[in-house]
Amino acid sequence: MQVVATGTLIFLIIGGAGVGVLALALLGSELLHFGHADVDGPISTETVAGFAGAFGFGGAIVNELLGARTPALIAGAAAGGLLAAVPTAWLASRLSRAARNMRTDPTPTRDDLVGALGLVVTPVPANGYGEVRIRLAGQPVKLSARADQPIPIGAQVFVVQALSETSVHVETY
């Protein structure tokens, strides 16, 4: 059985802790958040965690390659870990900032239903509800539908009014 050097073990623990904190930070955990929610410090949690993870694992690799058993060689392993940590921290900072500031489309509302074209999938009676399938933001959505006149299955329809988030008033197209 091969014994792991103490320096390597310490570096591995630092690296593991960094990866654990990075996973929590990227998953949006507020566990490590201190102070007001809208205040960011000069260095993000992701950056510190990426630095610690790369420093720990980089240091462990260099420590094993050097066979470091003396304080000078362990300091050399720490320098190797530092060489890995700086670009990794920069990359973690850039990627986490890009993810936080990513542009997204607004969430569709009931107002977006008006004007949509669709297809009747369950016949719509004159005074009751049927079902229509429309495309909303590129996604097929099935809604309950009312109409002034009965509309058979397979007919193309136009949404005239959104009665709620899940039901609409339609006319044939």
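Keep in mind the model is a prediction, meaning the values are calculated, not measured.

Chemist: Would you explain the environment of Lys 142 in this entry?
Modeler: Within the secondary structure layout, Lys 142 lies in strand β3 (residues 139–146). By relative accessible area, Lys 142 is classed as exposed at 55%. Spatially, the C-alpha atoms of Lys 142 and Gly 118 are 9.3 Å apart, while their sequence positions differ by 24 residues. With near-sequence residues (within four places) excluded, Lys 142 lies in contact with Val 121, Glu 131, Val 132 and Arg 133.

Chemist: Sorry if this is basic, but what is going on with the sheet that holds strand β4 (residues 156–162) here?
Modeler: Across a sheet, paired strands are connected by hydrogen bonds in the backbone, their directions being either parallel or antiparallel. The mixed closed barrel is built from 5 strands, whose spatial order is β1-β2-β3-β5-β4. Across the sheet, the mean angle from the axis of one strand to that of its neighbour is 55°, orientation sign disregarded.

Chemist: Explain the packing of aromatic side chains here, please?
Modeler: Each aromatic ring pair is specified by the distance between its two centres and by the angle formed by the two planes. Taken as a whole, this structure holds 2 aromatic pairs when the rule is applied. When the centroid spacing of 5.7 Å and the interplanar angle of 75° are considered together, the rings of Phe 11 and Phe 55 count as edge-to-face. Taken together, the residues span a long stretch of sequence, with Phe 11 in helix α1 (residues 6–26) and Phe 55 in helix α2 (residues 45–66) at a distance of 44 residues. Taking 6.3 Å as the distance between ring centres and 0° as the angle between the ring planes, the aromatic pair formed by Phe 51 and Phe 55 counts as stacked. You can see Phe 51 and its partner Phe 55 sitting in helix α2, 4 residues apart, about one turn around the helix. An aromatic cluster of at least three residues, connected via ring pairs, comprises Phe 11, Phe 51 and Phe 55. Lying over the aromatic face of Tyr 129, Arg 146 brings its terminal NZ or CZ to 4.9 Å of the ring centre.

Chemist: Explain the nonpolar core here, please?
Modeler: Proteins that are soluble and globular tend to have nonpolar side chains buried together. Among the nonpolar cores identified, the biggest contains 17 residues, and Leu 113, Val 120, Val 132, Ile 134, Ile 151, Val 168 and Val 170 are the most heavily contacted of them. Residue assignment for this core shows that the elements contributing at least two residues are β2 (130–136), β3, β4 and β5 (167–172). If we ignore the near neighbours within four places in the chain, the residues touching Ile 134 are Leu 113, Ala 116, Leu 117, Gly 118, Gln 139, Pro 140, Val 141, Leu 143 and Val 159. Among the nonpolar cores identified, the runner-up in size contains 6 residues, and Ala 54, Phe 55, Ala 77 and Ala 85 belong to it.

Chemist: What exactly am I supposed to notice about the pairing of strand β1 (residues 117–122) here?
Modeler: Every other side chain in a regular strand lies on the same face of the sheet, so the side chains alternate between the two faces. Two elements, β1 and β4, share 3 bridges in a ladder whose sense is antiparallel. From the neighbouring strand, Gly 118 faces β4, where its bridge partner is Val 157. For β1 and β2, the ladder comprises 4 bridges, and the chain directions are antiparallel. In the sheet register, Gly 118 faces β2, and the bridge partner there is Ile 134.

Chemist: Would you mind going over a nonpolar patch on the surface with me for this structure?
Modeler: A cluster of nonpolar side chains, contributed by Val 4, Leu 9, Leu 12, Ile 13, Val 19 and Phe 57, occupies part of the molecular surface with about 520 Å² of accessible area. Counting residues per element, the nonpolar patch draws most heavily on α1, which supplies 4 residues. Within the secondary structure, Ile 13 sits in helix α1.

Chemist: Sorry, what's going on with helix α3 (residues 71–100) here?
Modeler: Residues spaced three or four apart along an α-helix face the same direction, because each turn holds 3.6 residues. With 30 residues, α3 extends 41 Å from end C-alpha to end C-alpha; this agrees with the ideal 44 Å at 1.5 Å per step. Considered for burial, the residues of α3 that qualify are Ala 77, Gly 80, Gly 81, Ala 85, Ala 89, Ala 92, Ser 93 and Ser 96.

Chemist: Would you take a moment to explain the pattern of salt bridges for this structure?
Modeler: Side-chain pairs of opposite charge can arise where the charged atoms are in close proximity. Counted under the stated rule, the structure contains 2 salt bridges. The partner of Glu 46 in a salt bridge is Arg 100, and the shortest N-O contact between them spans 3.6 Å. Within this pair, whereas Glu 46 is found in helix α2, its partner Arg 100 is found in helix α3, the two being separated by 54 residues in sequence. Classification of Glu 46 as buried rests on a relative accessible area of 10%. Taking the relative accessible area as the measure of exposure, Arg 100 reaches 48% and is therefore partly exposed. Across the salt bridge formed by Lys 142 and Glu 131, the nearest N and O atoms sit 3.9 Å from each other. Of this pair, Lys 142 sits in strand β3 while Glu 131 sits in strand β2, placing them 11 residues apart in sequence.

Rules of the game
- Residues numbered from 1 in each chain as written.
- Predicted model: local features only at pLDDT ≥ 70, side-chain atom pairs only at ≥ 80, totals over all residues.
- Heavy atoms only, no water.
- Helix = DSSP H or I, 4+ residues; strand = E, 2+ residues; numbered from the N terminus.
- Buried < 20%, exposed > 50% of the residue type's maximum accessible area, 1.4 Å probe, protein only.
- Contact = heavy atoms within 4.5 Å.
- Pairing = 2+ DSSP bridges.
- Axes fitted to C-alpha atoms, helices over the stretch in contact; angles between N-to-C directions.
- Phe/Tyr/Trp six-rings, centres within 6.5 Å; stacked < 30°, edge-to-face > 60°.
- Lys NZ or Arg CZ within 6 Å of the ring centre and 35° of its normal.
- Core = buried A, V, L, I, M, F, W, Y, C linked by side-chain atoms within 4.5 Å.
- Patch = residues over 30% accessible without salt bridge, like charges linked within 9 Å, V, L, I, M, F, W, Y side chains within 5 Å.
- Areas by Shrake-Rupley, 256 points an atom, 1.4 Å probe, with all protein chains shown as cover.
- Salt bridge = Lys/Arg side-chain N within 4 Å of Asp/Glu carboxyl O.
- Expected span 1.5 Å × (residues − 1).

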